[in-house]
Amino acid sequence: MTSPTTTQDRLNPEPEAEELTGAEIVVRALRDEGVEFIFGYPGGAVLYIYDKLEQQDAVKHILVRHEQAAVHAADAYSRVTGKVGVALVTSGPGATNAVTGIATAYMDSIPMVIITGQVPVALIGNDAFQEVDTVGITRPCTKHNFLVKDVRDLASTLKTAFYLAASGRPGPVLVDIPKDVTSHKTPYHYPEKVVLRSYKPTVKGHPGQVRKAMQLITSAQRPMFYTGGGIVLGNASEALRTLVRALRAPITNTLMGLGAYPASDRQFLGMLGMHGTYEANMAVQHCDVLVALGARFDDRVTGNLAKFAPHARIVHVDVDPSSISKNVRVDVPIVGDLQQVLREMNQLLAESDQGNDPQAMRAWWAQIEEWRQRDCLCYVQDERIIKPQFVMQKLFELTGGEAIVTSDVGQHQMWAAQFYGFDRPRRWINSGGLGTMGFGLPAAMGAQVAEPDSTVVCVTGDGSIQMNIQELSTCLQYHLPVKVACLNNHYLGMVRQWQEFFYENRYAMSYVDALPDFVKLAEAYGHVGLRADTPADVEPVIREALRLKDRMVFMDFQVDPAENVYPMVPAGAALSDMILV
Amino acid sequence: MRRIISILLENEAGALSRVAGLFSARGYNIEAMTVAPTHDPGISRMTVVTRGSEEIMEQVLKQLNKLVEVIRVHDLTEGPHIERELMLIKVHAVGPDREEVKRLSDIFRGRIIDVTDRSYTIELTGTGEKLDAFIHALDPGMVIEVVRSGASAISRGAKSI
Ligand SMILES: Cc1cc2nc3c(=O)[nH]c(=O)nc-3n(C[C@H](O)[C@H](O)[C@H](O)COP(=O)(O)OP(=O)(O)OC[C@H]3O[C@@H](n4cnc5c(N)ncnc54)[C@H](O)[C@@H]3O)c2cc1C
Ligand SMILES: Cc1ncc(C[n+]2csc(CCOP(=O)(O)OP(=O)(O)O)c2C)c(N)n1
Ligand SMILES: [Mg+2]
């Protein structure tokens, strides 16, 4: 699309506005947005921008080794800080390499601005060198995108991009800038505000609906909270805690919502869904009122839709109307921002004398405790072979639960989610919606840039780590002391598990032969490599890695290749039909 | 169920492909789609004829509303509305058929807008069903070429969508 500037804006720039080139405008706009770090990779179409970046130091640029990593790093930077993440890549292959990162951020609703270079305006559509239809390619995996054909539209387009990325349901917004636009000049005027007649997210929940929801919740015999990434994205954890504690209700989080409610709290039942806990899934299946907050009823969560929460009346709060009643029909829909809606709910609760029937709640909790007794995550650690769960548990203990944990995709991701209890939001960084292998290491870099003094651990697998291993070089260049914990099972373990359960043990292409020596590989990149071969090695290796505060350390844990993630709800089964250990 | 959806959107390059892309990406069906600027040149109006269950239509409307360039979405089939489609149809018209085609065109309130010694081109507006009926009334061998605009539709009464 063209940019949202009106002719009016063009004719009346600020009287004393400075004349800047497009490249200068990009850099200045980033600064005016308060952007401290961007992640990127240069190329012909963005050289003017790089040239201007080089001549200032308000906006710092981190040079990655692959554009996918730039986007993942910027994405994780956003997930940790809550700010808009920014990535900068060149046209053609730079843009296509970025697409996996953009789609990852899109699926998890992460606010980002991606700036791509484009061939000069006159060459667009000409099959020019390093030309791709970036706007066309990224249309389905961005919240919105722009091609800026006139330098006079650049500042306002960037402003709009940041606004769109962060407001309503957040998401990545891409701005494609032809090279000649970055060299043309125009007076710089960065708009204070954006008003779009076609885009007005609903923030305040409908008061009548909020009241109705609270009536339903407080009259429940067996209430259950199911909350997701929306609590994290909306910075609504505090308000959530207040409400759930006041109600003494049980609560579960989705994979994306972990940390939004403290894992160490008794009311927390663990994650729900395909690899959720027995108690969380059973409580969802047996509750009479389900309160879904910023969660989108993903198929990994609901299992068989027809059998999902069969006894429940459902309250659903989401800022995106299209998330509501998409998969599961709900009884009390509320469109709004969670921080606001939860504040109103807390207020209503404080003002009223409504409350759940104590006797019913006692019975409900007794039932839940019985499910909890099942101890669905138990495993046996002998002295011979390392259990991956044991590594996660030790990692949790030895970091005091205080690390930022990023993850790749596979079994290791599920074990991290199950065994590392997060008490705060924005500490668990993973690709849930797209499930992108290769996310973990660049994400750890972004997290480490955001919080240089925090311990950042990337939990990964022997398969996933090889999808962005080149970033070890970036870690060296910027002294990012990321700790990689590789649960090395010599398998694409998650695939192997499915093959064991559903394809009669035919392990087609899931065995990873010819793995590199990760210890030597880490050393070759200038880092420290440590290997744990036996259970007794696990604690010393983690301790040593944490002791080396300023070094990037690669921990290679040789874990049981045959271990499976339990519980597991087979795809298409009801949530209560779990395969248990 | 058949639905006619009216969409007001920013008249900008790419807006149309966003709507079309949404329908194809989400597997929604499109029977027809028309678009042109309104009396406000900054705004285009699109009419989409689609089919789907209640649940699917709810999602279609929500997803359309989510597109940043979409200003307003309205399901016209929810209330009384008028639907029109334009057809230009070129038919063989020789010998006795010439009179027959002209008579048929009159019955359907068509207008003959181009004539050769072997053919007529007829302009016809109406609901899709009426246009279908006209085509069926002709001997299939007579039709040379058909172009249809897809439906345009507007609600009855004094209000706009
Ligand atoms: C190997 C693998 C296994 C998985 N297994 C599981 C599993 O067992 N359990 C599980 O839970 N997931 C699992 N997932 C993740 C799953 O695929 C989904 O990504 C996840 O369930 C979605 O989480 P969510 O519902 O919290 O939604 P998110 O994707 O986090 O979406 C957030 C929702 O909140 C809304 N929102 C955003 N901001 C606000 C705001 N300010 N106010 C109100 N609403 C807002 C958004 O509109 C959206 O609807 C797995 C993924 C992988 C890769
Ligand atoms: C880019 C990408 N390709 C393929 C997949 C499918 N996939 C999901 S998990 C997995 C195996 C991951 O193996 P590894 O990183 O070793 O983790 P493990 O399951 O063994 O812990 C694969 C191939 C994916 N999620 N992402
Ligand atoms: Mg593996």
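As annotated in an unreviewed UniProt entry, chain B carries the name Acetolactate synthase small subunit and comes from Acidithiobacillus ferrianus. As stated in UniProt under Catalytic activity (unreviewed entry), the record for chain B gives "2 pyruvate + H(+) = (2S)-2-acetolactate + CO2". One UniProt comment on chain B, placed under Subunit (unreviewed entry), says "Dimer of large and small chains."

Looking up chain A in an unreviewed UniProt entry gives the name Acetolactate synthase, with the organism given as Acidithiobacillus ferrianus. Quoted verbatim from the Catalytic activity (unreviewed entry) field of UniProt, the annotation for chain A is "2 pyruvate + H(+) = (2S)-2-acetolactate + CO2".

*Asks:* So what's going on with the overall build of chain B? Residues and values would help.
*Replies:* Helices and strands together make up the secondary structure of chain B, namely four helices and nine strands. Taken from the N to the C terminus, the helices and strands of chain B come in the order β-α-β-β-α-β-β-α-β-β-α-β-β. Overall, chain B is about 55 × 35 × 35 Å in size when its C-alpha atoms are taken along their principal axes. Out of the 161 residues belonging to chain B, those deemed buried represent 40%. Long-range pairs, those at least 24 residues apart, make up 71% of the contacts in chain B with a sequence separation of at least 6. Total accessible area on chain B is roughly 8,600 Å²; 54% of this is exposed by carbon and sulfur atoms. Chain B carries 21 positive and 23 negative side-chain charges, and their two centres are separated by 3 Å.

*Asks:* Quick rundown of the coordination of the magnesium ion (ligand 3)? Include the residues and the values.
*Replies:* At 2.1 to 2.2 Å from the magnesium ion (ligand 3) lie its protein donor atoms, namely A:Asp462 (OD), A:Asn489 (OD1) and A:Tyr491 (O). Site description for the magnesium ion (ligand 3): donor spacing in sequence, D-x26-N-x1-Y.

*Asks:* Go over the state of the cysteines, please, and point to the residues and values.
*Replies:* All names here are of chain A. All told, the structure shown has zero disulfides over all chains when counted by the stated rule. Between cysteine 376, a free cysteine, and cysteine 378, which holds the nearest cysteine sulfur, the sulfur-to-sulfur gap is 8.2 Å. Among the residues examined, cysteine 376 registers a relative accessible area of 3% and is labelled buried.

*Asks:* How would you summarise the interface of chain B and chain A if you had to cite specific residues and measurements?
*Replies:* Each partner contributes to the interface: chain B provides 20 residues, whereas chain A provides 20 residues. For the chain B and chain A pair, buried surface summed over both sides reaches about 1,700 Å², with 45% attributable to carbon and sulfur atoms. The largest share of the area that chain B buries against chain A comes from B:Arg18, B:Lys66 and B:Val68, three residues that together contribute 38% of it. At the junction of chain B with chain A, the criterion picks out three salt bridges. A:Arg197 is the partner of B:Glu10 in a salt bridge, and the nearest nitrogen-oxygen pair spans 2.7 Å. Taken together, the links from chain B to chain A amount to 11 residue pairs in polar contact (both at pLDDT 80 or more). Listed by contribution, the elements that provide at least two residues to the side of chain B that touches chain A are α1 (15–25), α2 (54–66) and β4 (70–75) of chain B.

*Asks:* Give a detailed account of the site of ligand 1, specifying residues and quantitative values.
*Replies:* All names here are of chain A. With respect to spatial proximity, 37 residues lie near ligand 1, and among them Gly229, Thr254, Arg296, Asp318 and Asp337 are the closest. Within the contact set of ligand 1, an oxygen atom lies 3.4 Å away from a side-chain nitrogen or oxygen of aspartate 298. The side chain of aspartate 318 places a nitrogen or oxygen atom 2.6 Å from an oxygen atom of ligand 1. Here ligand 1 has 990 Å² of accessible area as a free molecule, and 97% of this is covered by the chains. Taken together, the elements giving at least two residues each to the shell around ligand 1 come down to α10 (229–233), α13 (299–302) and α17 (411–419). Here the element with the most residues in the shell around ligand 1 is α10; it accounts for three residues. For the shell around ligand 1, a count of residues per class yields 14 nonpolar, 16 polar and seven charged.

*Asks:* Explain the confidence of the model for chain A to me, and be specific about the residues and the numbers.
*Replies:* A residue-level look at chain A finds 97% of positions with pLDDT of 70 or above and a mean pLDDT of 96. Per-element confidence in chain A ranges from a low mean pLDDT of 49 for helix α1 (residues 7–11) of chain A to a high of 99 for helix α4 (residues 67–81) of chain A.

*Asks:* Describe the domain arrangement of chain A, and please don't skip the residues or the numbers.
*Replies:* Residue and element names in this part refer to chain A. One can read the domain layout of chain A as domain 1 (7–187), domain 2 (207–373) and domain 3 (388–558). For domain 1 versus domain 3, the distance between C-alpha centres works out to 31 Å. At the junction of the two partners, domain 1 supplies 25 residues and domain 3 supplies 27 residues. Interface area for domain 1 against domain 3, summed over the two sides, is near 2,000 Å², with a carbon-plus-sulfur share of 66%. Three residues stand out in domain 1 for area buried against domain 3, namely Arg65, Arg79 and Val80, and they jointly supply 32% of the buried area on that side. Linking domain 1 with domain 3 are 10 residue pairs in polar contact (both at pLDDT 80 or more). Elements represented by at least two residues in the side of domain 1 that touches domain 3 include exactly β2 (37–40), β3 (60–63), α4 and α5 (93–107).

Conventions we followed
- Residues numbered from 1 in each chain as written.
- Chains lettered and ligands numbered in written order.
- Predicted model: local features only at pLDDT ≥ 70, side-chain atom pairs only at ≥ 80, totals over all residues.
- Heavy atoms only, no water.
- UniProt positions renumbered as here; feature names shortened; annotations may be inferred.
- Helix = DSSP H or I, 4+ residues; strand = E, 2+ residues; numbered from the N terminus.
- Buried < 20%, exposed > 50% of the residue type's maximum accessible area, 1.4 Å probe, protein only.
- Contact = heavy atoms within 4.5 Å.
- Areas by Shrake-Rupley, 256 points an atom, 1.4 Å probe, with all protein chains shown as cover.
- Lys, Arg positive; Asp, Glu negative; His and termini not counted.
- Charge placed at Lys NZ, Arg CZ, Asp CG, Glu CD.
- Donors = N, O, S within 2.8 Å, 3.2 Å for Na, K, Ca; no water.
- Disulfide = S-S within 2.5 Å.
- Buried area = accessible area lost by both parts, 1.4 Å probe.
- Salt bridge = Lys/Arg side-chain N within 4 Å of Asp/Glu carboxyl O.
- Polar contact = N/O pair within 3.5 Å; in protein donor to acceptor, adjacent residues only side chain to side chain.
- Near = heavy atom within 4 Å.
- Nonpolar A, V, L, I, M, F, W, Y, C, P; charged D, E, K, R; others polar.
- pLDDT = per-residue confidence, 0-100.
- Domains from an automatic or database assignment.

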